[in-house]
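A look at the structure
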Amino acid sequence: ILIMGLVFFLTFNVIGARLQSLLEMGIDKLGNIVDGILTSTDVNPVIHSLVIDGIFTGVGSVLSFLPIIITLFFFLSILEDSGYMARVAFVMDKILRKIGLSGRSIVPMLIGFGCTVPGVMSSRTLSSERDRKMTILLTPFMSCSAKLPIYTLMISAFVQRQYRVFAMVGLYLIGIVCAVIYALILKVTKFKGEPVPFVMELPNYRLPSAKSVLHLIWEKAKGFIQKAFTIIFLASIIIWFLGYYPQHDAYESVAEQQKNSYIGQIGKAIEPVIKPLGFDWKLGIGLISGVGAKELVVSTLGVLYTNEGDVENVNLSNRIPITPLVALAYMLFVLIYFPCIATFAAIKQESGSWKWAIFTAGYTTGLAWLIAFTVFQIGSLIV
């Protein structure tokens, strides 16, 4: 915990935060240049809005978190390449046995902190079907890197700088605690019995290889950028279209127009379900888009919480008008609810049944709603 706390401190308070500020400034300036060119050339207002309010605010909001992702995986790759992670698995064996798992299960879970999909797929290395299915069901509780932009967005907006590391570590620990409690329930209900013995050969400690560290960073950065300019790019355009039409020019304000747009109508339909959690319809639309990929939550909020033609501040955290309590409930919901579609498919593939995939989607979303509801309602009585 201390080592991960140091990693988070350097990532979110020192190195990553400063690099993120520089990238945000660059995106701001580029957005202003493009906005000026489109204005001076008298481009059609619809195209102008699509480029600035759709693409720049959607893709730009997500792309600004690239330094955070790179910095975090720089430190994680050092820990992995040095032989430290193998010791973590060995040390965790005694602890995991108390909740019904072997130390080998820690490997898929650690991979799950990067991405849940390979975490679930790596469970196939477990020799016991019991251990394999338990690990599959618990891995979604590990916060994947796709959730980092959401956490960073909310924490940077509502948590004082000196407490941000503790808030980030706290979110990861909450996910782990939820996994432990759920494992104990599974141990005495569906998956009774003992885990298989854990035997592994510990590699020697060594200095991390610069080549392997840079390779991992490049793979993560490339994957993030590819997703930003493909899936997130397309989703931002769709969200913009649904928020722009119909009858965009029939309303005096952007807020009024959004409420009466297609996406506003969808948001109003789901609002009764999420209103007890303190969420408005825009936050609800963000959660729906997150089913496709968690990064889409940030790009969706970037499109919805923007003033038409405003590219002065790509920092979305300054534009979301919610309270710290709602932000906390939202982060907890994102932490636990429905894993992305790719994870859903991976669970089906590795478990061999749609039953487990549907069950995972159902219990994670139900638990997320219950926890967010409890936090918001009790917090509302205290604050």
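On to the overall build of the chain, then. Secondary structure assignment for the chain yields 18 helices and zero strands. Rg of the C-alpha trace for the chain: 22 Å, near the compact-globule value of 21 Å for 383 residues, within the 12% margin. C-alpha extents for the chain along the principal axes are approximately 70 × 45 × 40 Å. Within the chain, contacts between residues at least 6 apart in sequence are counted, and of these 75% link residues at least 24 apart. Just so you have it, the chain exposes about 17800 Å², and 69% of that area is on carbon and sulfur atoms.

Counting across every chain of the model gives 16 aromatic pairs. Note on W356 and F359: the rings are 6.1 Å apart at their centroids and 85° apart in plane angle, and the pair reads as edge-to-face. One end of the pair, W356, and the other, F359, are both in helix α18 (residues 354–382), three residues apart, so they sit about a helical turn from each other. Classification of W356 by relative accessible area gives buried; the value is 9%.

The geometry of helix α13 (residues 262–274) relative to helix α14 (residues 281–289) is characterised by a closest axis approach of 8 Å and an angle of 95° between their N-to-C directions. In this view, α13 runs roughly perpendicular relative to α14, as classed from their interaxial angle. Taken together, the residues of α14 that come into contact with α13 (itself represented by I263, G264, I266, G267, K268, I270, E271 and I274) are W281, G284, I285 and I288. Here the contact of α13 with α14 is composed, by residue class, of seven nonpolar, three polar and two charged.

Moving on, we come to the nonpolar core. Membership of the largest hydrophobic core comes to 89 residues, with the highest contact counts inside it found for Y151, F279, L301 and Y330. By residue number, the principal contributor to this core is helix α16 (residues 324–336), which donates eleven residues. Residues in contact with Y151, not counting those within four places in the same chain, are S143, M168, L171, Y172, M331, V334 and L335. Y244, I263, W281 and I285 belong to the second-largest nonpolar core, a separate cluster that totals nine residues.

Even without glycine at this site, D42 takes up a positive phi of about 55°. You can see D42 is positioned in the loop between α1 (2–40) and α2 (45–63). Taking the relative accessible area as the measure of exposure, D42 reaches 68% and is therefore exposed.

On to the environment of F191, then. Take F191: it is sitting in the loop between α9 (164–188) and α10 (210–228). Assessed through its relative accessible area of 7%, F191 is described here as buried. Sequence separation of F191 and E129 is 62 residues, and the distance between their C-alpha atoms is 10.0 Å. Non-local contacts of F191, meaning those with residues more than four positions away in its chain, are made with R130, K133, M134, L137, L186 and W356.

Below, the discussion takes up helix α15 (residues 295–304). When you tally the buried positions in α15, you get ten out of ten residues, the bulk of the element. Of the residues making up α15, those classed as buried are E295, L296, V297, V298, S299, T300, L301, G302, V303 and L304.

Attention shifts here to the state of the cysteines. Simply put, disulfide is the name for a covalent bond between the sulfur atoms of two cysteines. Going through the model one piece at a time under the given rule, you end up with zero disulfides. No disulfide involves C178; its nearest neighbouring cysteine sulfur is the one of C144, lying 15 Å away.

So, about the side chain of S261. Turning to its location among the elements, S261 is positioned in the loop between α12 (254–259) and α13. Judged by its relative accessible area of 0%, S261 falls in the buried class. At 3.3 Å, the side chain of S261 and the backbone oxygen of L242 are in polar contact. Apart from the residues lying within four places of it in its own chain, the contact partners of S261 are L242, G243, Y245 and P246.

The rules behind these values
- Residues numbered from 1 in each chain as written.
- Predicted model: local features only at pLDDT ≥ 70, side-chain atom pairs only at ≥ 80, totals over all residues.
- Heavy atoms only, no water.
- Helix = DSSP H or I, 4+ residues; strand = E, 2+ residues; numbered from the N terminus.
- Rg over C-alpha atoms; globule rule 2.2 N^0.38 Å.
- Contact = heavy atoms within 4.5 Å.
- Areas by Shrake-Rupley, 256 points an atom, 1.4 Å probe, with all protein chains shown as cover.
- Phe/Tyr/Trp six-rings, centres within 6.5 Å; stacked < 30°, edge-to-face > 60°.
- Buried < 20%, exposed > 50% of the residue type's maximum accessible area, 1.4 Å probe, protein only.
- Axes fitted to C-alpha atoms, helices over the stretch in contact; angles between N-to-C directions.
- Parallel < 35°, antiparallel > 145°, perpendicular 65-115°, else oblique.
- Nonpolar A, V, L, I, M, F, W, Y, C, P; charged D, E, K, R; others polar.
- Core = buried A, V, L, I, M, F, W, Y, C linked by side-chain atoms within 4.5 Å.
- Disulfide = S-S within 2.5 Å.
- Polar contact = N/O pair within 3.5 Å; in protein donor to acceptor, adjacent residues only side chain to side chain.

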